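Residue-level structure breakdown
Each chain is listed here by its residues.
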Amino acid sequence: MENKKEHIRKPDWLKIKLNTNENYTDLKKMMREKNLHTVCEEARCPNIHECWGERRTATFMILGDTCTRACRFCAVKTGLPTELDLAEPERVADSVVLMNLKHVVVTAVARDDQKDGGSAVFAETIRAIRRKNPFATVEVLPSDMGGDYDNIKRLMDAKPDILNHNIETVRRMTPRVRARATYDRSLELLRRAKEMYPEIPTKSSIMLGVGETWEEIIETMDDLRANQVDIMSIGQYLQPSKKHLTVQKYYTPKEFKELFEIAMSKGFSHCQSGPLVRSSYHADEQVNAAAKERQRKGEELLESLTVKG
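Below or above, wherever it landed, is the structure these notes cover. (Residues numbered from 1 in each chain as written. Predicted model: local features only at pLDDT ≥ 70, side-chain atom pairs only at ≥ 80, totals over all residues. Heavy atoms only, no water.)

Assigned secondary structure in the chain consists of 11 helices and eight strands. Each of the 309 residues in the chain was classed as buried or not, and the buried ones make up 54%. Considering only contacts within the chain whose residues lie at least 6 apart along the sequence, 76% involve residues at least 24 apart. Within the structure as shown, the chain displays about 14,700 Å² of accessible surface, and the carbon and sulfur contribution to it stands at 51%. (Helix = DSSP H or I, 4+ residues; strand = E, 2+ residues; numbered from the N terminus. Buried < 20%, exposed > 50% of the residue type's maximum accessible area, 1.4 Å probe, protein only. Contact = heavy atoms within 4.5 Å. Areas by Shrake-Rupley, 256 points an atom, 1.4 Å probe, with all protein chains shown as cover.)

This is the structure we're talking about:
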């Protein structure tokens, strides 16, 4: 039924600016040399040229490149994953130093084959980054890790600067869009993370254009705020291949602006809303005051060392 529908033409405002400059090629080369994966590449993010070419930022994807789930919106490959690479946290940390990153985003494929959902590797990656680059702030974007309390606590005990977990879509569309994950389990993870460490900001993202209504978008905002989520990202779903869900609607920049205003009126501390926004888009702008102070001290230290040199 869905394949017979006429595809909606992509509007002009979704045209992507390519910037394959030296920063872009350097980062790509380093990722391959370190045998690292990025969600920027695996999920075919439309902002890769801006983030790599202009901002020199990247979102690391740990726990391999093969996901145990097959969500109908996601371009990351699925299947039987390889064994865990226990040296991966150190390689990520080394790359953070080489890139001189101020803010690091670490996500992962879902690892339902692991009892801990990959939380131990996540936690060790945070600790490795802090050991080698103590002034960098770290944002993590895990799967729901099976909704297991111990898995969530293991991750949160490593104290990331932001806990980001995506709700992805509205309640009604969740069974069609996501694999295994549930709407309420995602809300539960966000709530538990906040209960464990109230000072750590929580964040979630929703993609639009898969068949939701305007009213359901607002309801999702209310559900996130009811579970004390601080930050929200709102972006346009783009179909990565013919086998994925087709786009039902392209929202206009004006509609995204209106949703931004609604989100901020509901009490979110920060909101990114736009056609090309993704969950880690301009993530460095969203860390809390304490984390920004750590960044500032790191900059001062680097400046003093440069002067002495």
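From this point, the narrative continues.
The next thing to look at is the pairing of strand 4 (residues 137–141). Judged by how many residues are buried, strand 4 sits mostly within the fold: five of five residues are covered. Crossover handedness for the path strand 3 (residues 103–108) to helix 5 (residues 119–132) to strand 4: right-handed. Pairing of strand 4 with strand 5 (residues 162–164), which is carried by two bridges, proceeds in the parallel orientation. Each residue of the ladder has a partner; that of Val140, found in strand 5, is Leu163. In this view, the connection linking strand 4 to its parallel neighbour strand 5 by way of helix 6 (residues 149–156) has right-handed handedness. (Right-handed = clockwise from strand over helix to strand, strands pointing away. Pairing = 2+ DSSP bridges.)

The next thing to look at is the pairing of strand 8 (residues 270–273). Here strand 7 (residues 231–236) runs beside strand 8; their pairing, made up of four bridges, is parallel. Across the sheet, residue Ile234 finds its bridge partner in strand 8, namely Ser273. Handedness of the strand 7-helix 10 (residues 253–265)-strand 8 crossover: right-handed.

Right, let's talk about the pattern of salt bridges for a bit. Under the definition given, this model contains 22 salt bridges. Asp112 serves as the salt-bridge partner of Arg69, at 2.8 Å between the closest nitrogen and oxygen. Of this pair, Arg69 sits in the loop between strand 2 (59–62) and helix 4 (88–99) while Asp112 sits in the loop between strand 3 and helix 5, placing them 43 residues apart in sequence. Two residues, Arg172 and Glu216, come together in a salt bridge whose shortest N-O distance is 2.6 Å. Of the two residues, Arg172 is situated in the loop between strand 5 and helix 7 (174–177) and Glu216 in helix 9 (residues 214–226); the sequence distance between them amounts to 44 residues. Overall, the relative accessible area of 14% leaves Glu216 in the buried class. Through salt bridges with shared partners, one network takes in Glu90, Asp94, Glu124, Arg127, Arg131 and Lys132. (Salt bridge = Lys/Arg side-chain N within 4 Å of Asp/Glu carboxyl O.)

This part covers the packing of aromatic side chains. For the structure shown, the criterion picks out one aromatic pair. One Lys or Arg, Arg225, reaches over the ring of Phe268 and ends 5.5 Å from the middle of that ring. Note that Lys249 overlies the ring of Tyr251, its terminal NZ or CZ placed 4.6 Å from the centroid. (Phe/Tyr/Trp six-rings, centres within 6.5 Å; stacked < 30°, edge-to-face > 60°. Lys NZ or Arg CZ within 6 Å of the ring centre and 35° of its normal.)

What follows covers the nonpolar core. Counting residues in hydrophobic clusters, the biggest one holds 71 residues, and the most contacted among them are Met221 and Ile234. Leave out the neighbours within four places in its chain, and Met221 touches Met232, Ile234, Leu259, Ile262, Ala263, Lys266 and Phe268. (Core = buried A, V, L, I, M, F, W, Y, C linked by side-chain atoms within 4.5 Å.)

It is worth spelling out helix 6 at this point. Along helix 6, the residues that are buried comprise Asn151, Ile152, Leu155 and Met156. Along the axis of helix 6, the buried positions cluster into a sector of 130°, meaning they face one direction only. Those residues of helix 6 that are buried are in contact with helix 5, strand 4, strand 5 and helix 8 (183–196). For helix 6, the N-terminal cap is Asp148; the gap from its side-chain oxygen to the backbone nitrogen of Asp150 is 2.9 Å. (Arc of directions from axis to C-beta. Polar contact = N/O pair within 3.5 Å; in protein donor to acceptor, adjacent residues only side chain to side chain.)

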